[in-house]
Number of protein chains: 2
Amino acid sequence: MTTTLTIPDLIRKKRDGAEHTRAELEQLVLGYTRGDVPDYQVSAWLMAVYLRGMTPQETADLTLVMAASGDQMDLAGLPRTVDKHSTGGVGDKTSLILTPMLAALGLTVAKMSGRGLAHTGGTIDKLESFPGWSPDLPEERFLAQARDLGLALIGQTKDLAPADGKLYALRDVTATVDCLPLIASSIMSKKLASGAHTVVLDVKVGAGAFMRTLEDGQALARAMVDIGTRAGRQVRAVLTDMDTPLGHMAGNSLEVQEAIRTLRGEGPEDLTELCVALAVEALVAHGEDEAAAEARARAALQDGSALAKFRAFVAAQGGDASLVDHPERLDVAPDRADVVAPASGFVGRLDALAVGRAVLALGGGRERKGEAIDHGVGVEVLKKPGEAVAAGEPVLRLFHRGGRGLDAARALLEGGLSVTGTAPQPQPLLLGRVN
Amino acid sequence: MTTTLTIPDLIRKKRDGAEHTRAELEQLVLGYTRGDVPDYQVSAWLMAVYLRGMTPQETADLTLVMAASGDQMDLAGLPRTVDKHSTGGVGDKTSLILTPMLAALGLTVAKMSGRGLAHTGGTIDKLESFPGWSPDLPEERFLAQARDLGLALIGQTKDLAPADGKLYALRDVTATVDCLPLIASSIMSKKLASGAHTVVLDVKVGAGAFMRTLEDGQALARAMVDIGTRAGRQVRAVLTDMDTPLGHMAGNSLEVQEAIRTLRGEGPEDLTELCVALAVEALVAHGEDEAAAEARARAALQDGSALAKFRAFVAAQGGDASLVDHPERLDVAPDRADVVAPASGFVGRLDALAVGRAVLALGGGRERKGEAIDHGVGVEVLKKPGEAVAAGEPVLRLFHRGGRGLDAARALLEGGLSVTGTAPQPQPLLLGRVN
């Protein structure tokens, strides 16, 4: 049966709370992507979706329609493929560590990554701290590298789920961004189009994250896992705290240095534990026993196998791999300034969003797509929440270049830091799992 | 205080169910009318209004903003001004009778009218059955005629509440038409911009009307009266049945003939009673006692004073006034065909919408703005609901020209007619009043 509903009929249907068929979603979303359906009809429909919601089946159908709106990566020729996605945080260098770990553990990571925007960093920006490293690989070379090395990473192309890009731009100007089925389908459409059998999701929760509460984070994780399951993929999510930055470093070269320390088995505990937890999810999704998976994951950081994969990966994409063994030679901004404790006590709040914005102010991120960034600037967290400090003792260190953006960055950090009289309740990093 | 909210902020506010200030509505609606706010933002906002609603104050503010979006007619120099609006029906020639009645009763009618669209007729189309009659008067002549004669009628200009026209066109393609505050503000914005002190509303309810149930009609009437009151006008509404056509005639010249019969005091009861009821509302709004007002209204139809006003009005706007005294000379289509009762019994349902569509099929209405129409075609209701009929006896008579559209019209009428074994419960025409 061919559909005879008009676009206003489809808007009316969602307006009245009914469930769309996949064919209806194709008519709307692919019509919009082609330019046949005008934006003023789609924005009315998006507001109806915002206020009426979508069923799990509808959300999965929408995601599949968006995933099929452009090119789809065919990874069927690769064994045990895995992809990872984080909903975005500050100081989140997890992908730098996790992807070589997974390759060392026998999985295949053929991954598309993005660049950073606003206060969140991007994996490609961090890797570009290695002079010569490039995410611009022809597809054949990308697939060959993934097959030979177990790890290859390219930039996201415009033709990956173009419906998502177009819908997101419209949502951004019509107050329809923070809508669970639309967020979940946006993320998952790109993951489905990227082709991996298994997807491990890190859903960030807290002041520095898009999802402010654990409840919201759980709902998003559940929606994404559900989409993946309905699409025939293995999707597993962990919920992690993003009230405070992950590890100690924020800023591109600084994060690469910390990632290398972690790959050597010398990383900060929170970052190490998160990488192990995500690796375990990936291995379990591929049928491994959980306890054995955890032991193997920890070993990969201790025995040098993950580090070796990282070295080979940097070299394979044109980067100066000698810096992996001499990370102190990475370009780090030469000037320093500290933010000190205003009183004696314990570090209470250390707001991840403030740290992310400070890096942006120093020139380490971009407000708009396409802007150049300074890889060397950043912020080091000298004392994490819960640690004792004396009045006047440095808590945060800024790495700047000639004072550029320093005053703004310092003001942001001072506003994001509190010192309390009593030690705050320690907050776990891992808040939950959804699969 | 100047507002600093962006358009997405305003959309978000309505999305979350909050109440807009008048300044916010100006920012949105006047920005859209000027072309500064894009349609895709306004359509998202309209859907939020549809699903979240508007408070009475918000609805009144929206109406005032739309009324002030273009030219506003200044009737302050005219005494006892009154305007009338019907929400649209089939065979509704009330304005042709009521407006000269009101002028004869000492009120001033300086009215803008529209043309018909789809199955509802327009007063201007009906008056154009008089050769030479024109609604195109310069404003000065329009006002002078209203002052001298008590009655003048012009076509609606584009500059009257242009925000309403633009919003309506967008609502039409985004499934946001049938939303009470938007319907009420659309109607009332044009009435407020038209300038009359008093507005009498005829809210049609039933199969041939936009409002299908009495409850919906009452809600619309209340919303419109509330807007008028908040805007400092006198607004009174009657709710009337539109399951079946008003009077016996549908079609332009046929309706003019029936209107003239009514102005002579020889009209059908339902039509006469509706005109009297609306005249009473207008007189009461101007401070008259209800019983005295009713007596005066009835007298205007009996003593020839309303008919004299009509004759003078037709002549003043260039029409051949001799036709008022010889309505049989109006151009009525020469060919006839009847729809007969399929069985003996009582006329049960006689669907107003079917009659309206039949007139349209015969060429007496237009599907799109600007189309020419045939004033002579139409439908006569020979037997009204409740009347006894014998099998094969004519119930409806079609006035057609050479069979054009006849088969379609006949099929529509046959589908809209039912004959029942028992007499149906008589249905009152006047269903309620709101003021």
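Small disclaimer: the values here were computed from a predicted structure and weren't measured.

Cut-off values and rules
- Residues numbered from 1 in each chain as written.
- Chains lettered and ligands numbered in written order.
- Predicted model: local features only at pLDDT ≥ 70, side-chain atom pairs only at ≥ 80, totals over all residues.
- Heavy atoms only, no water.
- Patch = residues over 30% accessible without salt bridge, like charges linked within 9 Å, V, L, I, M, F, W, Y side chains within 5 Å.
- Areas by Shrake-Rupley, 256 points an atom, 1.4 Å probe, with all protein chains shown as cover.
- Salt bridge = Lys/Arg side-chain N within 4 Å of Asp/Glu carboxyl O.
- Lys, Arg positive; Asp, Glu negative; His and termini not counted.
- Charge placed at Lys NZ, Arg CZ, Asp CG, Glu CD.
- Helix = DSSP H or I, 4+ residues; strand = E, 2+ residues; numbered from the N terminus.
- Phe/Tyr/Trp six-rings, centres within 6.5 Å; stacked < 30°, edge-to-face > 60°.
- Buried < 20%, exposed > 50% of the residue type's maximum accessible area, 1.4 Å probe, protein only.
- Lys NZ or Arg CZ within 6 Å of the ring centre and 35° of its normal.
- Least-squares fit on C-alpha atoms with pLDDT ≥ 70 in both.
- Contact = heavy atoms within 4.5 Å.
- Buried area = accessible area lost by both parts, 1.4 Å probe.
- Polar contact = N/O pair within 3.5 Å; in protein donor to acceptor, adjacent residues only side chain to side chain.

Asks: Requested: an account of a negative patch on the surface, with residues and values cited.
Replies: Side chains of Asp71(A), Asp74(A), Glu139(A), Glu140(A) and Asp159(A) sit close together on the surface and give a patch of like negative charge. Summarising the element assignment, Glu140(A) is placed in helix H7 (residues 139-149).

Asks: I'd like a description of the packing of aromatic side chains, backed by residues and values.
Replies: Residues and elements named next belong to chain A. Going through the model one piece at a time under the given rule, you end up with 6 aromatic pairs over all chains. Measuring from ring centre to ring centre gives 6.3 Å for Phe-310 and Phe-313, while their planes differ by 40°; the resulting arrangement is tilted. Note that Phe-310 and Phe-313 are positioned in helix H14 (residues 305-316) at a spacing of 3 residues, about one turn of the helix. Assessed through its relative accessible area of 1%, Phe-310 is described here as buried. Residue class for Phe-313 comes out buried when judged on its relative accessible area of 2%. Each member of the aromatic cluster is reached from another via a ring pair, and the members are Phe-130, Trp-133, Phe-310 and Phe-313. The cationic tip of Lys-166 hangs over the ring face of Tyr-32; the distance from NZ or CZ to the ring centre is 4.5 Å.

Asks: Any chance you could break down the relation of the copies chain A and chain B for me, citing the residues and the numbers?
Replies: Mapping chain A onto chain B calls for a screw motion: a turn of 180° about the axis and a shift of 0.1 Å along it, with 0.1 Å RMSD after fitting. As the rotation angle and translation indicate, the two copies are arranged about a two-fold axis. A high fraction, 100%, of the interface residues of chain A reappear at the interface in chain B, so the copies pair face to face through one surface.

Asks: Tell me what's going on with the interface of chain A and chain B, and back it up with residues and numbers.
Replies: Taken together, the contact between chain A and chain B spans 20 residues of the former and 20 residues of the latter. A buried area of about 1700 Å², summed over both sides, lies between chain A and chain B, and 68% of it is on carbon and sulfur atoms. Considering only the surface of chain A that becomes buried against chain B, Arg15(A), Tyr40(A) and Leu51(A) emerge as the three largest contributors, covering 35% of it. Counting every contact that joins chain A to chain B gives 2 salt bridges. Residue Arg15(B) is joined to Asp178(A) by a salt bridge in which the shortest nitrogen-to-oxygen separation is 3.3 Å. Joining chain A to chain B, the criterion identifies 11 residue pairs in polar contact (both at pLDDT 80 or more). If you list the elements that add at least two residues to the side of chain A that touches chain B, you get helix H1 (7-15) and helix H3 (39-52) of chain A. With 10 residues, the top contributor of residues to the side of chain A that touches chain B is H3(A).

Asks: Quick one: what's the story with the pattern of salt bridges, residue by residue and with numbers?
Replies: Counted by the stated rule, this structure contains 60 salt bridges over all chains. Linking Asp16(A) and Arg15(A) is a salt bridge whose minimum nitrogen-to-oxygen distance equals 3.0 Å. Residue classification places Asp16(A) among the partly exposed positions, given a relative accessible area of 45%. Note that Glu273(B) and Arg298(B) form a salt bridge whose closest N and O atoms lie 2.9 Å from each other. Residue Glu273(B) is located in helix H12 (residues 269-285), and its partner Arg298(B) is located in helix H13 (residues 290-302); the two are separated by 25 residues in the primary sequence. Classification of Arg298(B) by relative accessible area gives partly exposed; the value is 31%. Because the salt bridges share partners, they merge into one network encompassing Arg236(A), Glu281(A), Glu290(A) and Arg433(A).

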